[in-house]
Every structure is written in structure tokens, then in C-alpha cells.
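Residue-level structure breakdown
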Amino acid sequence: MCGIIGYVGKQPAASFIVEGLKRLEYRGYDSTGVAVVAEGRISVVKKIGRVAQLEQELAKRPLAGTFGMGHTRWATHGGVTDANAHPHVSSDGKIVLIHNGVIENYASMKTFLLGKGYTFQSETDTEVLGNLIAYHYAKAAESGEENRCLASVRKALRHTEGTYGIVVMCVDFPGEMVAARKGSPLIIGLGDGENIVASDVSAIVARTQSVVYLKDGEIVHLSAQEFRITTLGQSAVAPLVDRVTWSVAAAEMGAYAHFMEKEIFEQPTALENAMRGRFSEDGSTANFGGLNVSAGEFRSMESFAFCACGTALHACRVAEHMIERFARLPVECDYASEFRYRNSPLFRNTLYFVMSQSGETIDTLAALREAKRKGYKVLAVTNGVGSSIAREADGGIYQHVGPEIGVASTKAFTSQLLIGSMLALYLARMRDMSFSDGVTFVKALKGAPDLVRQALGQAPLIKAIARRYAHVRDMLFLGRLSLFPIALEGALKLKEISYVHAEGYPAAEMKHGPIALITEECPSVFFAPSGEILNKIISSMQEIKARKGPIIAIVTASVELPAGLADEIIVIPECHEAVLPIVASIPVQLLSYYIAVERGCDVDKPRNLAKSVTVE
Ligand code: AGP
């Protein structure tokens, strides 16, 4: 939700900021803007549309200067208009700021500021905060206070409720930048004679790999040469400098048409990275560093609970299936957004897991905090190194799949499925699973990247199928057991990038309602792997066929469907149960991708969405 970047240094600010915004655009993309502070003036260029349009505008109206900031917006308060785009300048012309988050008490602040003579050009909560900073700045200036840019931000934030990641500059102090966070991510990039603040590392890796992750409640005051972090309460904070382990190439599209396509085809490598070094020497179980929960504590747990949002929740639902199936332990799965308010009764010996690709999803973060408040240990499965969720969890498992830029999650999802299966193995081996079954399980997991490669080999066939069905308005995704969450995921993928209405259902449940949707124009994607309930799945297919519904069947290699039952057949390799959901995800990712391309949709930046949802 909104990407922000601020720069103080010796290089031209605007061109660097625009490059950074291109990398942050996945966070929000309805409008963009840049401001530069130079020669006693704040100059702003902002408009609705994408960064590419901003770039064209900047070519007509260049901004010279080496101190500046930029923003790419996902609208919360106020519609998508040029005026509501960031940066916002205070009505006295002193302060310019960009913001990611939601200021909840903006209305009372605005009433106060109107009474003091401040005026507003936009409908945003951000402009209100900017004017509140300007108000405190004016008072600090009157009293000759030192460090007044920093002091005024601090004072304004003490009266601010809600979430924010902000970057602030003051016309009187070019070369100084103040940034602060509460609930919205911010990192500091430490360069050579330059410092950068951004929503995430993708915006800065082209310049530096040295980063400091700012924590909630911290403010940083930067110049080109130095930076100083304090808390809102003015205590000094000793910074911890980290190194980003991936290079700028990982965040580039290369020869692919879209990031989503690249990330789908990267999955074999992503899975290898997610499992590397995570099996025991005897090859019979999984090992995780960083859990901060001893094997004994794991052993004593009576149940597990998972919270997440969207695609990550689907991965949790598969983990639920795997842990219950192999470790025979009860698991609860919940929408993070519901869990935080449901106040559900919990078992005493329950270990909590949250899953989040970004590690910044506000609902998941809030669920983590709620579980911790109740006294539970919470572990995180996340791809976001140094993210809020990674930092606040008691321990966890990094996915290690590199940056995922496409809004539709693909490689992060399959790595979460892998980690869920590895957790099931770890727990099962503490209980009834034998050494030899453990070895078989590990071998199966190690074979997953190759099986995924084989499934990716179906891409040309799936592309052709996508062409035949790209015009439809509705589609059902039907699967059973561990593939029911994959049906949910298939439907989510299709909806979010192609705007085709899709629903995921347990295959047999379909006859309790969704079957009413079936016509010649509503295809059903069926997962039909070999196994005990294949015949039941075939019966559900027959029920659809009897109503003239087209069927796209995803079958494992040994399955032979009755002649003429399926209109399209996609074959994936036979595999161990622990790996099946990973391999079965590939055809639905590809199908959604090719349908979206066929429909001319903006695959990597679907309408109304953002990659990381940092507002409630
Ligand atoms: C995935 O395709 C979606 N864009 C979305 O559902 C996403 O999975 C969800 O917002 C959770 O994100 P997170 O994993 O970063 O927490």
C-alpha cells in the first residue's frame, strides 16, 4: 500500500527516485509524484497514472536538486486525483511529505488546523499530517528551537493515531530528511555520501546493500553524511546495519513478459532455495534454524493455529491438512482479519504460526500481536527478511525465494506449501512417523523442484487452453482434501489478475449450490489426482458434464478418465502426497496467467490491488 522513497545525497534526486518508484510500483499504482527541495523552494510534479507517465511529465518539467522524495499511491482517503497524489506540501509552503498508512484521527486534526488558518488542497489524511507538522514547525521556529524539523515531526506524531511510514523535508533545511514509522515499513539505505529511505530494499539495492530496518515508533534524522535514530520518546537507538543478500538483477524482469511469468518459471529454483540446508543429516526429517522453540516444546504442543490472508491463508490450509494427516495433531486456520476480533477460545498448549510473503500485511501483524497478547508463542513463515512480522514473531522460517514483484503470489505460495509439508514432517517424526517413512518423505520433498519443472513443461498446452476459455465470465475450481485449498487459490489467482468471476469449492460440495452456475459458458477446473477418492471426483465431473458444463481436468499421470468426460486434460506427474499441492498449483497459475494475458489485463498490477496490504 503505497511505495515511498526519500533521497539526500550528491546525485540528481529525481531520476534516482523515479527508478526507485518503478521498483516500488507493485505497492500501489494509481498515482505518483516527486518533490525536490532546492534553492529555497519545494517543487512538486505529481499526477494520476503510473510511474511511466510521471517520467514523461518530468521530461517536460524537470526537477533539479539532490534532495527529494517520491511516492506511488494506493488510494485510501480521497479518490484517485492529481490533487490527492503525494507528495503534499503544507499550506505555508514549509513542509513536504509522503506517507504510507492511514491517519485515523485526521478529522479532528483538520478541524484544529482550519481554526489556525491552514488550508487544504486535497481530501487526504496525509495533507492534514503535513499541516500539523508545519504548525509545530512554526511554533518551534518562533521559540528558536534546535533541530526544528525533527522536533516538529516528533510533536505531530505524538498526536497521531493510525499507521504511517513518512518522509518529511523542510524548505528551510535542504539536505535534511526526517522519516518515521508506525505500522508501515521503512528501511534506511546507507550509501557513499548519500542516504536513502524507502518502503523496501528493492528501491535501494541498485545503490547500496547496507540497510537498517526501522522499527515501529522510531524516527530517523538523516543528512547525506549521517543518520541518527531515536524513539518518539527521544531515546537514542543503536542502529543494526544489515546486508541485503540479493542483487538488483533479482528484481528485474529479464526476458519475461511479466514478473508473474518470471516468478512462475522460477519456482524450481525457489523451492531449492527454500529447502536448502533444512534436512537432518540422516535424511529423515526437517531442520529449521531460527524457530526459537525447542524440540521439546514442539513435542509438548497439543495443537497448532495458523493465521494469514489471501494466498498465504491457502498455504496455511494445506499446512493444516499436512499436519493433521501426517502428525495427527489438530490445527486451526483462520483469516488473520477475523482472528484479531473474534476472541476465539484457545487451547493452552497451542503454537501459533502466521504466514506472510511480505511480512508487512497489517491484518496478519495484528493477529500475531493478538496471539502474543494472549500469551502464546507465535512463529512466522515469511519471505520478508527484516519485515515487521519477522521482527515481532518469537521465531520463524524464512522462505528465501527472493523478491516477489508480481502482485499475484506464485513462487512465495509454493515455497509456503513446501514449508508447511516440512513442518508436518518435523512434527510427524517426533511422533509416529517411522525413520523409513521420514526418508521417503524427505526424498519426495527434494524431488519437488524437478516435478515442478515437468509441470511447467505443460505451459504451451495450457496457453492454448487459456485461449479457448479466455472469454468466459465465470469459472469453478474444484478439488478435494489437500487440493481444495489449491482450488481456492486457482480461483483467487484467476479473479485477481483477469477479473473473471471464479469460485473454489470442495468438488463434492459443488452440488450444494455452485452447480446452479453451470452452463455451457461456465467451465469447471477439476483436480483429479490418483488415489482413494478419484472415483468420487469422477462422479462430481459427471454431474457437471450432465449439465453441459465444460471440464478442464488436471490429472496425475496414471489417471484415465472415462472417454469424453473432460474437454481438456492437463497431466501432471504422479507424486507423494506432501508434494502434490505444490505440483498441482502450477497448471492453475499458468492458466490464470495466460487467460489474463489473453484478456489484455495488466497482469503484474491488477486493478484495485497492491502487493502488500498495510492498511486494515
Ligand atoms: C496473492 O496473489 C494476493 N495478491 C494476496 O492475496 C496476498 O497473498 C495477501 O495480500 C497476503 O499477502 P502477504 O503474504 O504478503 O501477507
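Analysis parameters
- Residues numbered from 1 in each chain as written.
- Predicted model: local features only at pLDDT ≥ 70, side-chain atom pairs only at ≥ 80, totals over all residues.
- Heavy atoms only, no water.
- Helix = DSSP H or I, 4+ residues; strand = E, 2+ residues; numbered from the N terminus.
- Rg over C-alpha atoms; globule rule 2.2 N^0.38 Å.
- Buried < 20%, exposed > 50% of the residue type's maximum accessible area, 1.4 Å probe, protein only.
- Contact = heavy atoms within 4.5 Å.
- Areas by Shrake-Rupley, 256 points an atom, 1.4 Å probe, with all protein chains shown as cover.
- Lys, Arg positive; Asp, Glu negative; His and termini not counted.
- Charge placed at Lys NZ, Arg CZ, Asp CG, Glu CD.
- Near = heavy atom within 4 Å.
- Polar contact = N/O pair within 3.5 Å; in protein donor to acceptor, adjacent residues only side chain to side chain.
- Nonpolar A, V, L, I, M, F, W, Y, C, P; charged D, E, K, R; others polar.
- Salt bridge = Lys/Arg side-chain N within 4 Å of Asp/Glu carboxyl O.
- Pairing = 2+ DSSP bridges.
- Axes fitted to C-alpha atoms, helices over the stretch in contact; angles between N-to-C directions.
- Core = buried A, V, L, I, M, F, W, Y, C linked by side-chain atoms within 4.5 Å.
- Domains from an automatic or database assignment.
- Buried area = accessible area lost by both parts, 1.4 Å probe.

**Overview of the overall build of the protein chain**
Regarding its fold elements, the protein chain presents 18 helices and 25 strands. Here the protein chain has a C-alpha radius of gyration of 26 Å; the compact-globule value for 616 residues is 25 Å, and the two agree. Out of the 616 residues belonging to the protein chain, those deemed buried represent 61%. Restricting to contacts in the protein chain with at least 6 residues of sequence separation, those with at least 24 account for 71%. Accessible surface, the protein chain: about 23,100 Å² in total, of which carbon and sulfur atoms supply 50%. The protein chain carries 63 positive and 66 negative side-chain charges, and their two centres are separated by 1 Å.

**A closer look at the site of the ligand**
If you check the shell around the ligand, you find 14 residues, and the closest are S356, Q357, S358, T361 and E496. Within the side chain of S358, an N or O atom sits 2.6 Å from an oxygen atom of the ligand. Interatomic distance of 2.5 Å between a side-chain N/O atom of E496 and an oxygen atom of the ligand. If the ligand stood free it would expose 420 Å²; the protein chains cover 90% of that surface. Residue assignment for the shell around the ligand shows that the elements contributing at least two residues are α9 (310-327) and α16 (484-498). Looking at the shell around the ligand, its residues break down into five nonpolar, seven polar and two charged.

**Here's the deal with the pattern of salt bridges**
As enumerated under the stated definition, the model contains 29 salt bridges in all. Where K411 meets E266, a salt bridge forms, and the shortest distance between an N and an O atom there is 2.8 Å. Highlighted residues: K411 in helix α13 (residues 411-429) and E266 in the loop between α6 (259-265) and α7 (267-275), separated in sequence by 145 residues. Residue K374 pairs with E370 through a salt bridge whose shortest N-O separation is 3.5 Å. Among the residues examined, K374 registers a relative accessible area of 25% and is labelled partly exposed. Of the residues examined, E370 reaches a relative accessible area of 14% and is grouped as buried.

**Structural notes on the sheet that holds strand β22 (residues 501-506)**
Spatially, the five strands line up as an open sheet ordered β22-β21-β23-β24-β25, and their pairing is parallel. Two strands close off the open sheet at either side, each with one partner strand: β22 and β25 (568-572). Here the average twist between neighbouring strands, direction ignored, is 20 degrees. Relative to strand β23 (residues 524-528), strand β21 (residues 474-479) runs parallel, the two being bridged by three bridges. Looking at β23, one finds that F477 is bridged to V525. The strands touched by helix α15 (residues 459-469) within the sheet are β21, β24 (551-556) and β25, with β25 carrying the most contacts at an inclination of about 150 degrees. Here α16 sits on the sheet and contacts β21, β22 and β23; the angle it forms with β22, its principal contact strand, is near 175 degrees.

**Describing the sheet that holds strand β18 (residues 350-356)**
Strand order in the open sheet formed by five strands is β17-β16-β18-β19-β20, and the pairing between neighbours is parallel. Both outer strands of the open sheet, β17 (331-335) and β20 (395-398), are each paired with one neighbouring strand and no more. Geometrically, the sheet is characterised by an average inter-axis angle of 20 degrees between neighbouring strands, direction not taken into account. In terms of strand pairing, β18 meets strand β19 (residues 378-382) through five bridges, oriented parallel. The residue of β19 that forms the bridge with S356 is T382. Of the strands in this sheet, β16 (303-308), β17 and β18 touch α9, which is tilted by about 170 degrees from β17. Set on the sheet, helix α11 (residues 362-373) makes contact with β16, β18 and β19; between it and β18 the angle comes to about 165 degrees.

**Structural notes on the environment of L346**
Relative to the helices and strands, L346 is located in the loop between α10 (336-342) and β18. On a C-alpha basis, the gap between L346 and K374 in space is 9.2 Å, while along the polypeptide they are 28 residues apart. Leave out the neighbours within four places in its chain, and L346 touches F339, Y352, K374 and Y376.

**Digging into the pairing of strand β12 (residues 218-222)**
Side chains on a regular strand alternate between the two faces of the sheet. Burial of β12 is extensive: five of the five residues sit out of reach of the surface. On β12, burial covers both faces: E218, V220 and L222 on one face and I219 and H221 on the other are all buried. With five bridges joining them, β12 and strand β13 (residues 227-231) adopt antiparallel strand pairing. Looking at the pairing, E218 lines up with T231 of β13.

**A short note on the nonpolar core**
Judged by nonpolar contacts, the single largest core of 96 residues is most densely connected at F298, F304 and F306. Tallying contributions element by element places helix α18 (residues 580-598) first for this core, with 12 residues. Counting contributing residues per domain, this core is built from domain 2 (253-446) and domain 3 (457-605), each supplying no fewer than three. In contact with F306, not counting residues within four places along its chain, are C316, A319, I323, V331, E332, C333, D334, F353, M355 and L423. Core analysis: the next-biggest nonpolar cluster, separate from the first, contains 31 residues, Y26, V45, V201 and I405 among them.

**Digging into the domain arrangement of the protein chain**
Per the domain assignment, the segments of the protein chain are domain 1 (3-250), domain 2 (253-446) and domain 3 (457-605). Distance from the C-alpha centre of domain 2 to the C-alpha centre of domain 3: 25 Å. Counting residues at the interface gives 33 residues for domain 2 and 27 residues for domain 3. Of all residues in domain 2, H258, M260 and H314 give up the largest surface area on contact with domain 3, accounting jointly for 21% of the area buried on that side. For the pair domain 2 and domain 3, the interface holds one salt bridge. With its nearest N and O atoms 2.7 Å apart, the salt bridge here joins R325 to E577. If you list the elements that add at least two residues to the side of domain 2 that touches domain 3, you get α6, α7, α9, α13 and α14 (435-456). Element by element, the count of residues in the side of domain 2 that touches domain 3 is highest for α9, at nine residues. Of the residues assigned to the side of domain 2 that touches domain 3, the class counts are 18 nonpolar, 12 polar and three charged.

**Focus: the side chain of H99**
Along the chain, the position of H99 falls in strand β6 (residues 95-100). According to the relative accessible area criterion, H99 is buried, its value standing at 1%. A polar atom in the side chain of H99 sits 3.2 Å from the backbone oxygen of T163. Excluding residues within four positions of it along the chain, H99 makes contact with C2, I4, H71, H86, D125, T126, T163, Y164, G165 and I166.

**Quick word on unusual backbone geometry**
In this chain, H86 is followed by P87 through a cis amide linkage whose omega measures 0 degrees. The phi angle at N147 is positive, at roughly 50 degrees, despite the residue not being glycine. Mapped onto the elements, N147 comes out in the loop between α4 (125-142) and α5 (148-158). Note on N147: relative accessible area 46%, which makes it partly exposed. Within the chain, N343 stands out as a residue other than glycine whose phi angle is a positive 50 degrees. Position of N343 among the secondary structure elements: in the loop between α10 and β18.

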